[in-house]
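Residue strings, one per chain:
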Protein chains: 2
Amino acid sequence: MVCNLSNVAALLWHAYKSLPAPSNQVNWAGFYTLDPLSPPSRPQLILGPFQGKVACQTIAFGRGVCGSAASTQKTQLVPDVDAFPGHIACDGASRSEVVVPIVIENKGVVSIIDVDCAVPGGFDDVDRVWLEKLAELVGKSCDWP
Amino acid sequence: MVCNLSNVAALLWHAYKSLPAPSNQVNWAGFYTLDPLSPPSRPQLILGPFQGKVACQTIAFGRGVCGSAASTQKTQLVPDVDAFPGHIACDGASRSEVVVPIVIENKGVVSIIDVDCAVPGGFDDVDRVWLEKLAELVGKSCDWP
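By the naming in an unreviewed UniProt entry, chain A goes by GAF domain-like protein and is assigned to Lasiosphaeris hirsuta. In its Sequence similarities (unreviewed entry) section, the UniProt entry covering chain A states "Belongs to the free Met sulfoxide reductase family."

### Considering the relation of the copies chain B and chain A
Each of the two copies of the chain can be brought onto the other by a rotation about an axis and a shift along it. Once chain B is rotated about the relating axis by 180 degrees and shifted along it by 0.0 Å, it coincides with chain A to within an RMSD of 0.0 Å. Put plainly, the chains are arranged around a two-fold axis. Comparing interface residues between copies, 100% of those in chain B also sit at the interface in chain A, which points to an isologous, same-surface contact.

### Examining the sheet that holds strand β5 (residues 96–104) of chain A
Residues and elements named next belong to chain A. Taken together, the six strands give an open sheet; going across it, the order is β3-β2-β1-β6-β5-β4, and neighbouring strands pair in antiparallel fashion. Among the strands making up the open sheet, the edge pair consists of β3 (58–60) and β4 (76–78). Averaged over neighbouring strand pairs, the angle between their axes works out to 20 degrees when direction is ignored. Sheet topology note: the strand β1 (residues 26–34)/strand β6 (residues 108–117) ladder contains seven bridges and is antiparallel. Each bridged residue has a counterpart across the sheet, and for Val-26 the counterpart in β6 is Cys-117. Running over the sheet, helix α2 (residues 64–72) touches β1, β2 (44–52), β3, β4, β5 and β6 and is turned about 30 degrees from β5.

### A closer look at the packing of aromatic side chains
Across all of its chains, the model carries six aromatic pairs over all chains by this definition. Judged by centre distance (6.1 Å) and plane angle (20 degrees), the rings of Trp-28 of chain B and Tyr-32 of chain B are stacked. Taken together, Trp-28, Tyr-32 and Phe-50 of chain A form an aromatic cluster joined through their ring pairs. Here Lys-17 of chain A stacks its cationic end above the ring of Trp-13 of chain A, 4.8 Å away from the centre of that ring. If you follow Lys-133 of chain B out to its NZ or CZ, it ends over the ring of Trp-130 of chain B, 5.1 Å from the centre.

### Digging into the packing of helix α1 (residues 2–17) of chain A against helix α3 (residues 125–141) of chain A
All names here are of chain A. In contact at an axis separation of 12 Å, α1 and α3 are set at 160 degrees when each is read in the N-to-C sense. Judged by the inter-axis angle, α1 sits roughly antiparallel to α3. Classified by chirality, the crossing of α3 by α1 is right-handed. Contacts from Asn-4, Leu-5, Val-8, Leu-12 and Tyr-16 in α1 reach Asp-127, Leu-131, Leu-134, Val-138 and Ser-141 in α3. Here the contact of α1 with α3 is composed, by residue class, of seven nonpolar, two polar and one charged.

### Structural notes on α2 of chain A
Residues and elements named next belong to chain A. With seven of nine residues buried, α2 is to be regarded as a mostly interior element. Turning to α2, its buried residues number three or more, namely Gly-64, Val-65, Cys-66, Gly-67, Ser-68, Ala-69 and Ala-70. In this structure, the buried residues of α2 make contact with β1, β2, β3, β4, β5 and β6. Directly after α2, the chain includes Gln-73, whose backbone phi takes a positive value near 55 degrees.

Rules used in this analysis
- Position labels on residues start from 1 in each chain and follow its written sequence.
- Ligands are numbered from 1 and chains lettered from A, in the order in which they are written.
- A pLDDT threshold of at least 70 governs which residues receive local features in this predicted model, and a stricter bar of 80 or more applies before side-chain atom pairs are shown or counted, although totals over entire chains, interfaces and linings include all residues.
- Where side-chain values are given, they derive from all heavy atoms of the structure, hydrogens and water being excluded.
- UniProt positions are given in the numbering used here, feature names are shortened, and annotations may be inferred rather than shown by experiment.
- Copy-to-copy superposition: least squares on the C-alpha atoms, limited to residues that have pLDDT of at least 70 in both copies.
- Should any heavy atoms of two residues lie within 4.5 Å, those residues are counted as being in contact.
- Any two strands with at least two DSSP-identified bridges between them are counted as paired.
- Secondary structure elements follow DSSP: runs of H or I of four or more residues count as helices, runs of E of two or more count as strands, with numbering from the N terminus.
- Comment: axis = line fitted to C-alpha atoms, over the contacting stretch for helices; angle = value between 0 and 180 degrees taken between N-to-C directions.
- Paired rings are identified among Phe, Tyr and Trp, the last through its six-membered ring, by centres lying within 6.5 Å, and are further divided according to the angle between planes into stacked (under 30 degrees), edge-to-face (over 60) and tilted (the rest).
- Only when the NZ atom of a Lys or the CZ atom of an Arg is both within 6 Å of the ring centre and within 35 degrees of the ring normal do we say a charge sits over the ring.
- When an angle is under 35 degrees it counts as roughly parallel; over 145 it counts as roughly antiparallel; between 65 and 115 it counts as roughly perpendicular; any other value is oblique.
- Crossing handedness: left-handed means the near helix sits turned counterclockwise from the far one by under a right angle, and right-handed means the same turn made clockwise.
- Just so you know the grouping, Ala, Val, Leu, Ile, Met, Phe, Trp, Tyr, Cys and Pro go in nonpolar, Asp, Glu, Lys and Arg go in charged, and all remaining residues, Gly too, go in polar.
- Burial here depends on accessible area, computed with a 1.4 Å probe over protein chains only, as a share of the maximum for the residue type. Under 20% is buried, over 50% is exposed, and the range in between is partly exposed.

Encoded structure:
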């Protein structure tokens, strides 16, 4: 799992960097995974492989953009993170964000894909569609704990 | 472990990028860990968290610069990767490399720190000394499988 997520984070990062603005303003791309040590009654995400600056180590389900994607099992497309209630500012440079849950049958949310952008409105439905396809592919191809 | 290695890879990358040349020419910084699925008779490394371009997924102990650091349990400081027998060219841009093993009592090599530079002679004994201190610190502070 870690090996795949590490390479996918690199591919995502360099793919975004190769695109025209605003996509090339992406400043964080990577994964959080379900923390196997968190109790099912209070699940939390733990930082996985990424490219970008140092990030928060753990995020409770329901907290911020990542935690909301995990608890609702729905993609969060946030054009302005400052307007998102309870947004967690890991990197102050982030202005917009898209978070896609990776959901596995019988396991629920095992991970989330998180991409941040340094300008507002960095992501649209094209990002959503393709990141959701990526989430499905990654979900199928990793040995989740 | 993954959470710590992900953030340390980010810290290493951005620390090198903030230094004068040749250190700011670093083009890969991250970890390989002992593959728990590899047999003790034929141990191999598996890709862990990193910053940089997509990398080789697995490396047998003894192969290339990373595999040599793992099998000898000694830092490999390579001023010119093209002169290193059996060098594995993950990113063709890499011209020099330093690899430091993370060795744990009673477990042996659990991981290696790998940093590549896009110019020859990118690393010296200052890098070696501080990366070895980092390896000791990371070794002590992670829950290795």
